[in-house]
Structure formats: structure tokens, C-alpha cells
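Spelled out from the first residue to the last, the chains are:
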Amino acid sequence: MAKIILTGDRPTGRLHVGHYVGSLKGRVELQNSGKFDKIFIMIADAQALTDNAHQPQKVRENIIQVALDYLSCGIDPQKSTIFIQSMIPELTELTFYYMNLVTVARVGRNPTVKSEIKMRGFQASIPLGFFAYPVSQTADITAFAATDVPVGEDQLPMLEQCREIVHSFNSTYGETLVEPRIILPENKACLRLPGTDGKAKMSKSLGNCIYLSDDEETVRKKVMSMFTDPNHLRVEDPGTVEGNPVFVYLDAFCRPEHFAKFWPEYKNLDEVKAHYQRGGLGDVKIKKFLNQVLQAELAPIRARRKEWEAKLPEVYEILKAGTEKARAAAAETLYAVRAAMQINYFENK
Ligand code: ATP
Ligand code: MG
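Residues numbered from 1 in each chain as written. Chains lettered and ligands numbered in written order. Predicted model: local features only at pLDDT ≥ 70, side-chain atom pairs only at ≥ 80, totals over all residues. Heavy atoms only, no water.

Q: I would appreciate a short explanation of the pattern of salt bridges in the present structure.
A: The final tally for this structure, using the stated rule, is 22 salt bridges. Across the salt bridge formed by Arg14 and Asp214, the nearest N and O atoms sit 3.9 Å from each other. Taken together, the positions of Arg14 in the loop between strand E1 (4–9) and helix H1 (17–33) and Asp214 in the loop between strand E5 (181–183) and helix H10 (216–224) put the pair 200 residues apart, joining distant regions of the chain. Overall, the relative accessible area of 5% leaves Asp214 in the buried class. With its nearest N and O atoms 3.7 Å apart, the salt bridge here joins Glu271 to Lys267. A relative accessible area of 30% means that Glu271 is categorised as partly exposed. Assessed through its relative accessible area of 65%, Lys267 is described here as exposed. Because the salt bridges share partners, they merge into one network encompassing Lys3, Asp148 and Arg181. (Salt bridge = Lys/Arg side-chain N within 4 Å of Asp/Glu carboxyl O. Helix = DSSP H or I, 4+ residues; strand = E, 2+ residues; numbered from the N terminus. Buried < 20%, exposed > 50% of the residue type's maximum accessible area, 1.4 Å probe, protein only.)

Q: Sorry if this is basic, but what is going on with the domain arrangement of the protein chain here?
A: For interface size, the figure often reported is the accessible area lost on association. Assigned domains of the protein chain: these are domain 1 (4–192 + 312–340) and domain 2 (216–306). Between the C-alpha centres of domain 1 and domain 2 there is a distance of 33 Å. In this complex, domain 1 contributes 15 residues to the contact, which on the side of domain 2 involves 9 residues. At the boundary of domain 1 with domain 2, total buried surface from both sides reaches about 1000 Å², with 59% on carbon and sulfur atoms. For the pair domain 1 and domain 2, the interface holds 1 salt bridge. Across the pair Arg305 and Asp69 runs a salt bridge whose closest N-O atoms are separated by 3.2 Å. Secondary-structure elements contributing two or more residues to the side of domain 1 that touches domain 2 are H1 and helix H3 (56–73). It is H3 that provides the largest number of residues to the side of domain 1 that touches domain 2, a total of 6 residues. Here the side of domain 1 that touches domain 2 is built from residues that sort into 8 nonpolar, 4 polar and 3 charged. (Domains from an automatic or database assignment. Contact = heavy atoms within 4.5 Å. Buried area = accessible area lost by both parts, 1.4 Å probe. Nonpolar A, V, L, I, M, F, W, Y, C, P; charged D, E, K, R; others polar.)

Q: It is not clear to me how the site of ligand 1 should be interpreted in this structure. Could you clarify?
A: Ligand 1 sits among 22 residues. The nearest are Thr12, His19, Asp154, Lys201 and Ser205. Separating an oxygen atom of ligand 1 from a backbone N or O atom of Gly152 is a distance of 2.9 Å. At a separation of 2.4 Å, an oxygen atom of ligand 1 approaches a polar side-chain atom of Asp154. Within the residue set of the shell around ligand 1, elements represented by two or more residues are E1 and H1. Top element by residues in the shell around ligand 1 is H1. It accounts for 3 residues. A per-class count over the shell around ligand 1 returns 5 nonpolar, 10 polar and 7 charged. (Near = heavy atom within 4 Å. Polar contact = N/O pair within 3.5 Å; in protein donor to acceptor, adjacent residues only side chain to side chain.)

Q: Explanation requested: the pairing of E1 in the structure shown.
A: Regular strands have side chains that alternate between both faces of the sheet. Extensive coverage of E1 is indicated by the burial of 5 of its 6 residues. Alignment of E1 against strand E2 (residues 38–43), held across 6 bridges, turns out to be parallel. Opposite Asp9, over in E2, you have Ile43 as the bridge partner. What joins E1 to E2 is H1, and the crossover it makes is right-handed. (Pairing = 2+ DSSP bridges. Right-handed = clockwise from strand over helix to strand, strands pointing away.)

This is the structure in C-alpha cells:
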């Protein structure tokens with residue numbers, strides 16, 4: 001069976017370092033591994049509209065921002081197909097049929113849906129489209145017959161729900177859809193990067209992000225004002241490493257060679273952690289190091305972004321060509337789905 005990747009992001013803002021370690025960096029590695037037959041990367045504007053229906057301009061503007069972020073991180077349009085979700089009506093049609101295979105109660109139990117409803121303050125006024133987004137995600141994944149879905153940890157419940165719908169479809173209408181598996185980052189710190197404010201998740205909607213496109217000075221300021229251990233008041237106090245966002249970021253980003261280069265007093269992160277835990281190491285020193293580590297990672301991304309920003313028409317061409325190619329693939333699946341569901345009335349005379 002062909003190995004196919006489907007993954008994507010909502011154009012609700014520029015992409016941040018949480019996206020980068022949680023999914024984007026891994027995608028580039030998978031792309032360059034040569035182990036996959038096809039890679040589809042979706043800019044999920046239709047999904048973004050489920051909770052931004054009244055801000056179409058925001059979604060529209062961020063399509064290009066997300067595309068620039070992809071290209072600057074090393075997504076190669078020769079190897080990966082980047083496309084825009086709403087331009088593929090086959091996805092909407094699949095969603096409509098799959099909705100019959102899921103109960104309202106089941107979606108209501110989806111932990112990610114639950115926490116996102118809370119985070120967005122929807123409570124009693126949940127847009128129906130937003131509530132249905134796990135089903136629309138199933139349409140996105142199955143339309144491309146994806147076998148692998150590299151995403152952050154918050155997407156685990158979505159993948160479970162997708163697999164259930166696939167089972168239900170295949171057992172009702174006959175073996176048609178491919179069951180996907182999730183690819184999570186191996187590094188635990190990357191599963192769900194916290195916000196600079198210490199909140200559990202860095203998220204565009206929470207405004208606690210370091211963006212891939214932030215300039216050097218903005219990144220430095222954000223790092224220097226990051227939340228750390230609130231009980232570590234004086235340098236000599238013992239500090240807590242677990243759940244301290246500065247250390248989570250270091251776990252996610254720093255590599256042994258960074259010490260030789262930026263902080264030769266320590267050999268590795270374990271030594272820094274031990275010093276912090278016993279007391280005597282101030283937050284400012286650690287933040288300065290983190291800033292250097294982040295700048296080293298972000299500098300080449302920033303430079304590539306500048307190059308792509310200078311040729312926006314080419315970026316639009318990439319999106320257009322990618323969308324055409326993706327649409328053809330989704331149409332094949334829809335064709336098979338309609339046949340399985342016996343709603344291909346004019347096909348079989
Ligand atoms: P929004 O607030 O609009 O939902 P978001 O920041 O959650 O935006 P998404 O577009 O929903 O971003 O997520 C895109 C991908 O990035 C998903 O695979 C998701 O799992 C991953 N991701 C998002 N935030 C993080 C994070 N803080 N740490 C690790 N992965 C993340
Ligand atoms: Mg999200």
C-alpha cells in the first residue's frame with residue numbers, strides 16, 4: 001500500500017515555534033526521508049472558519065502567511081503538495097456523508113473538542129460547523145487515503161475519532177477508506193509546547209506565542225519576559241525544572257553542540273538543570289542561553305522567508321498547482337465513496 005501523509009494547519013495566524021517542534025520540523029524530515037509516496041499539506045481555511053466565521057479577512061490573510069512559514073521551514077513544493085482546503089468541495093461532500101456515522105454525544109466526549117469549546121468560551125453557543133470539525137478532519141485525512149498523519153498531541157483524539165468513522169464506513173458500505181495512524185514527535189517536550197506565559201499550550205488564539213517570523217529583537221524580548229518558576233525568587237533559591245516553560249523549551253530546542261558554542265561552563269542540559277534545582281543559577285542566564293539557541297534555529301528560517309516574501313506570485317502559483325493536484329486525488333476517493341454508498345445513480349446503467 002502506498003505510504004501517504006496528510007497534515008496541515010489552520011490559517012488563524014502565522015505559525016509559531018510550537019507548530020515547528022510539534023509537527024512542522026518532523027514533516028520536513030519525513031518529506032526528506034524519501035519514505036513516502038505522496039505528501040499532502042493542507043491549509044485548513046474551512047476549518048478555521050468554523051470558529052472565525054465573522055473574520056473572513058483574518059483567515060484570508062493568513063493563508064499566505066502559513067504558506068510562507070511552510071516554505072521557509074523547508075517544505076519543498078517539488079516533494080509535498082500544499083493546498084487550500086476550501087478550494088476542494090469534495091472534502092465538504094465527504095464530511096456530509098460521514099456526519100451520519102457519528103453521534104452528537106461521541107463528538108461531545110472528544111477531549112480536544114471539549115477543551116477548545118471551553119477555551120473559546122462557546123459553552124451554550126457552539127457553532128454547529130465547529131462542533132462537526134472532527135468529522136471534517138476525517139474527510140481531509142481519508143480523501144487522500146492518508147496512512148500517516150504527523151501532528152501535535154492535541155490531535156490524538158481527532159485521529160481516534162477518524163479511525164472510528166473509517167471502521168463504521170467500511171463495515172457499513174464495504175472496505176473503501178484507509179485507516180490512518182498518527183505520527184507524534186519523539187521528544188516529549190515537543191508534544192505540546194507551553195506558551196511563553198506558562199499556559200499549557202502555545203496557541204495562536206491565546207497570544208502566548210513565539211512566531212517563526214518574529215524578528216530577532218522580538219524573540220529576545222519574548223524569551224526574556226517568559227514565565228518561569230514563580231517560587232524561584234532569589235538566585236540562591238532552589239528552582240523547579242518540571243513544567244517550567246524555559247526548561248521545556250530547552251528540552252525541545254537545545255542540542256549538545258549549543259553548549260560548546262554558547263555556554264561552555266556547562267556540558268549539557270542535565271548539568272544546567274541540576275544547578276538550577278540546587279539553587280544558585282538565575283533565570284536571566286538561562287533565558288539568555290535559550291535566546292541564543294532559538295535564534296540559531298530561527299535565523300535560517302527567517303532568511304528563507306525573506307526570499308519567498310520577495311516572490312509572492314510564485315507562492316500563489318505553488319498553492320494553485322497544489323490545490324489542483326489535491327483536488328484530483330480527493331475526487332478519486334469521493335468517486336469510490338459514492339459507489340460504496342450506492343449513490344452513483346447515473347454511473348451504472
Ligand atoms: P488555533 O488556536 O487556531 O487552533 P493552533 O495554534 O492550535 O491554532 P493549529 O493550526 O490548530 O494551531 O495546529 C496545527 C498543528 O500544530 C497541529 O498538528 C497541532 O497539533 C500542532 N500544534 C499546535 N500548537 C502546538 C503546541 N503548542 N505544541 C505542539 N504542537 C502544536
Ligand atoms: Mg488548534
